[in-house]
Each structure stands twice: as structure tokens, then as C-alpha cells.
Amino acid sequence: MTAIAIQPEKLRDLVAAALGDRARSVTVALGEVTVEVAAAHYLQAMSVLKDHADCRFEQLIDLCGIDYSAYAEVGRDGLRYAAVSHLLSVSLNQRVRVRVFCPDDDFPVVASVSDIWNSANWFEREAFDLFGIVFDGHNDLRRILTDYGFIGHPFRKDFPLSGHVEMRYDAEQRRVVYQPVSIEPREITPRIIREEKYGGLH
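A quick note: this is a predicted structure, and the numbers were derived from the prediction, not measured. (Residues numbered from 1 in each chain as written. Predicted model: local features only at pLDDT ≥ 70, side-chain atom pairs only at ≥ 80, totals over all residues. Heavy atoms only, no water.)

**Considerations on helix H2 (residues 42–51)**
Thinking step 1. Those residues of H2 that sit buried are Tyr42, Ala45, Met46, Val48 and Leu49. Taken around the axis of H2, the buried residues stretch over an arc of 160°, which confines them to a single face.
Thinking step 2. Summarising the contacts, the buried residues of H2 are in contact with helix H1 (8–19), strand S2 (32–37), strand S3 (59–67), strand S4 (81–89), strand S5 (94–101) and strand S6 (109–111). (Buried < 20%, exposed > 50% of the residue type's maximum accessible area, 1.4 Å probe, protein only. Helix = DSSP H or I, 4+ residues; strand = E, 2+ residues; numbered from the N terminus. Arc of directions from axis to C-beta. Contact = heavy atoms within 4.5 Å.)

See the structure below:
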């Protein structure tokens, strides 16, 4: 028989008690528990979440980067980059989200959790590739989705939509070459029909 999932409020209290002052906040929204930890306590907090008897989050099912730079337009202050992990406890049938902000916007770094959960290896490489977040302690931190010579991090909010360079195969050189982007920016405006009695309207 499948265990009934724990109530989010009870899980919040258990997680908060297990983490103590390692957690900045433990909140419930839309039936989900979110833990925010400081970068200095991130590795220790994640170990507790895996091993503590009331947590037992055996699986890291996702880890992604976030760029909060555009939030300044809606009045949000604070650090720009964060890593967000989703943890699952199969044995206790419970889930939790963990968010850690990188303390330096110019060189975003947080600890790697790949020694705690093997699945973090590729997720951290993806966040490094797309957002430029460096995971300290990762044993093979290199790009995973973009090309070898790719410049920049394409999921950052300030990355140009057309990119910095484009590549093509050059038949004369018989190899792939990189060149400046040749796409000219354009504005696409929907066609507006202005006809009398259009669609039977008077």
C-alpha cells in the first residue's frame, strides 16, 4: 500500500527543525515546500536533507539555474543568480524545493552537490553552460549543450537573441567556420486590416 503524502505544513516544520539556522526560510506555497539556504550553508544543508531521519531525500530529481535580473523591473532587489533543486524522498513520499543564491553576481559560485547525489552532475553542467553558474567541487564542469567555441551563456537575460557568432560549413575550407552574426534585427508587426464592413461589421 502506498504511503499517504505528508501534509506540506507538517513537512515544513520537520524540515525547518532538521535544518535549524542553516535555513534562511522554509515556506509553503501552492501546497509545495520551498527551502532557501545561504551559499555558505548550502552543502551542509543538502547533506542534512538527504540523511536526516525526518527528511530522507534520497533523490535529486532536478537542478536548474535562474537569472532574476529582470525582476528589478518589478521592484525586486537582491542577488541575480540562483540554483534551484527539487528533492524527492521515495521512502517517506515527500518532496521539497531548495533555492540557493550565488553571493557574487559577477562570478556566480555555489558548492556542487554531485558528491551527495550523482544525478547533480549533468544538471550542474547544464546550469553552468546556460547561466554561467560555477559549481565548486564539481569534478568535470564543462559545457554540455552548447558548441565547443560558444561564447557566453544563452539563458542569461542579457544574452542577445541573435547570439554573438554564427557558424556555417565552408565548402572551400572543408570545415565549420564561425563568423559575426549576419541576421539583421527586425520588428514583426501583425497586419492590421482596415476595410469597411470587414467580416460583416458595419
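**Details of the side chain of Glu36**
Thinking step 1. Along the chain, Glu36 falls in strand S2.
Thinking step 2. For Glu36, a relative accessible area of 13% translates into the label buried.
Thinking step 3. A distance of 2.7 Å separates the side chain of Glu36 from the side chain of Arg99, its partner in a polar contact.
Thinking step 4. Apart from residues no more than four positions distant in its own chain, Glu36 is found in contact with Ala23, Arg24, Ser25, Arg99 and Phe101. (Polar contact = N/O pair within 3.5 Å; in protein donor to acceptor, adjacent residues only side chain to side chain.)

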